Amino acid sequence: MKILVTGGAGFIGSHTCVALLEAGYDIVVLDNLCNAKPAALERIRQITGKDFPFYQADILDRAGVGQAFREHDIGAVIHFAGLKAVGESVKNPLLYYHNNVAGTVAFCQIMAEAGCKKIVFSSSATVYGPTNPIPYREEFPTSATNPYGYTKLMVEQILSDLYRADNEWSVSLLRYFNPIGAHESGLIGEDPNGIPNNLLPYICQVAVGKLEKLHVYGNDYDTVDGTGVRDYVHVCDLAEGHLQALEYVLGHTGVDAVNLGTGKGCSVLEVVAAYERASGRRIPYVIDPRRPGDLGEYYADASKAQRVFGWKAKRGLDEMCRDSWNFTKKNPAGL
């Protein structure tokens, strides 16, 4: 039996591939490389000393996906593949609905045809919307504020309906918060194309001089220092969460949503300070007005993950920034 990882060359996908291989699983990776680089696949092999088949294919490519299922005994899927930039989703919603939603429908049709009914889905805390109290708990009502968030909600609904129609399905909906950090080897990490959308990759590019300064959007929130607070989780902790979710779905049927976070928040300026300690470099920043739709603070109630999977985040903010800087200084131009 092999585990198929869609989007396995991406940031979270590549770290999860390492965790799977080190746990003794055989994997198959499928990625269209629109937001990832082939070098990440070689780095996974270098870290683990193990090889695996790779298919450069889109989840909408029935022939390419079907080939992967025909050529391998796929026992379960970890589904990362999807577009993920909020701003881009607002500008081009049809692209996001076509890729993330229609792509997942087409992919699940092939899974069903192959008799593979176990899936771990990469969802997001964005499904909690703007009005829930913190910390976010899995039983809260869900909503969204942009097309990207709606694609996550729609896929959660599709996978939930699959189980209701056929109780042989086993579905884990992993709602994770703000993954940062990198593998301790410095061989893989977050390497976005263009100007980063997320905080830590932006800080990294300021640290190596690719960008002049960090833009901090708002310092008048009701938080510890006025800047936005988020639940940052080390990508290797997140990868281990996917591994434990996989082990759960392999032994159970049903559908369940589970948060993966640390259960506490850190402000933008706290992250900047931790990165300065890790890198020994000053991170210049300017305060800009708040962005429309940004929340002042949110973080997870992560107790269900510990109760159901036995998972708990182990690494703190200093480790996240240390490992991120290690990757950045070893790969200043990216992978």
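Just above, that's the structure.
If you're wondering where the values come from, they're calculated on a predicted model, not measured in any experiment.

**Q** Any chance you could explain the state of the cysteines here in plain terms?
**A** Disulfide: a covalent bond connecting the sulfur atoms of a pair of cysteines. In total, this model carries zero disulfides according to the counting rule given. There is no disulfide at Cys204, and the cysteine sulfur nearest it, in Cys321, is 8.2 Å away. Residue Cys236 stays outside any disulfide, its sulfur separated by 13 Å from that of Cys17, the closest cysteine. Given a relative accessible area of 13%, Cys236 falls into the buried group.

**Q** How should I be thinking about the sheet that holds strand S2 (residues 26-30) in this particular structure?
**A** Sheet strands pair by backbone hydrogen bonding; their relative direction is either parallel or antiparallel. Read across the open sheet, the seven strands follow the order S3-S2-S1-S4-S5-S6-S11; overall the sheet is parallel. Every other strand in the sheet has two partners, leaving strand S3 (54-55) and strand S11 (254-260) as the edge strands with one partner each. Relative to strand S5 (residues 118-124), strand S4 (residues 74-79) runs parallel, the two being bridged by three bridges. Looking at the pairing, His79 lines up with Phe121 of S5. Contacts from helix H6 (residues 147-165) reach S5, strand S6 (170-176) and S11 within the one sheet, and its direction differs from that of S5 by about 155°. Sitting on the sheet, helix H8 (residues 235-251) touches strand S1 (2-6), S4, S5, S6 and S11, and the angle it makes with S6 is about 160°.

**Q** Could you clarify how one ought to interpret the side chain of Ser122 in this entry?
**A** You can see Ser122 is positioned in strand S5. Contacts of Ser122, omitting those with residues within four sequence positions, involve His79, Phe80, Lys152, Leu174 and Tyr176.

**Q** Would you mind showing me how to read the layout of surface pockets here?
**A** The method is simple in principle: a probe with the dimensions of a water molecule rolls over the atoms, and the space it marks as empty is what remains. If you add up the space inside the second largest pocket, you get close to 240 Å³. Together, 21 residues line the second largest pocket, and Glu190, Asp191, Pro192, Cys204 and Phe327 are the ones closest to its centre. Elements with a contribution of two residues or more to the lining of the second largest pocket: helix H7 (199-207) and helix H11 (317-330). Element by element, the count of residues in the lining of the second largest pocket is highest for H7, at four residues. Along the lines of polarity and charge, the residues of the lining of the second largest pocket split into 11 nonpolar, six polar and four charged.

**Q** For this particular structure, what's the right way to read the packing of helix H5 (residues 93-114) against H6?
**A** A pair of packed helices is captured by two measures, namely the crossing angle of their axes and the spacing between those axes. Contact geometry of H5 with H6 gives a least axis separation of 9 Å together with a crossing angle of 15°. Judged by the inter-axis angle, H5 sits roughly parallel to H6. Handedness of the crossing formed by H5 with H6: right-handed. Residue-level contacts link Pro93, Tyr96, Tyr97, Asn100, Val101, Thr104, Val105 and Cys108 of H5 to Pro147, Tyr148, Tyr150, Thr151, Met154, Val155, Ile158, Leu159 and Leu162 of H6.

**Q** What is the right way to look at the packing of H7 against helix H9 (residues 268-279) in this model?
**A** The contact between H7 and H9 brings their axes to 11 Å, and the two run at 40°. By the angle between their directions, the pair H7 and H9 is classed as oblique. Classified by chirality, the crossing of H9 by H7 is right-handed. For the pair H7 and H9, the contacting residues are Leu199, Leu200, Ile203, Cys204 and Ala207 in the first and Val268, Val271, Val272 and Tyr275 in the second.

Conventions adopted
- Residues numbered from 1 in each chain as written.
- Predicted model: local features only at pLDDT ≥ 70, side-chain atom pairs only at ≥ 80, totals over all residues.
- Heavy atoms only, no water.
- Disulfide = S-S within 2.5 Å.
- Buried < 20%, exposed > 50% of the residue type's maximum accessible area, 1.4 Å probe, protein only.
- Pairing = 2+ DSSP bridges.
- Helix = DSSP H or I, 4+ residues; strand = E, 2+ residues; numbered from the N terminus.
- Contact = heavy atoms within 4.5 Å.
- Axes fitted to C-alpha atoms, helices over the stretch in contact; angles between N-to-C directions.
- 1 Å grid on protein atoms, 1.4 Å probe; cavity = no way out; pocket = protein on both sides within 12 Å on 5 of 7 lines; lining within 4 Å.
- Points joined across faces, edges and corners; volume = space filled by probe spheres on them.
- Nonpolar A, V, L, I, M, F, W, Y, C, P; charged D, E, K, R; others polar.
- Parallel < 35°, antiparallel > 145°, perpendicular 65-115°, else oblique.
- Left-handed = near helix turned anticlockwise from the far one by under 90°.

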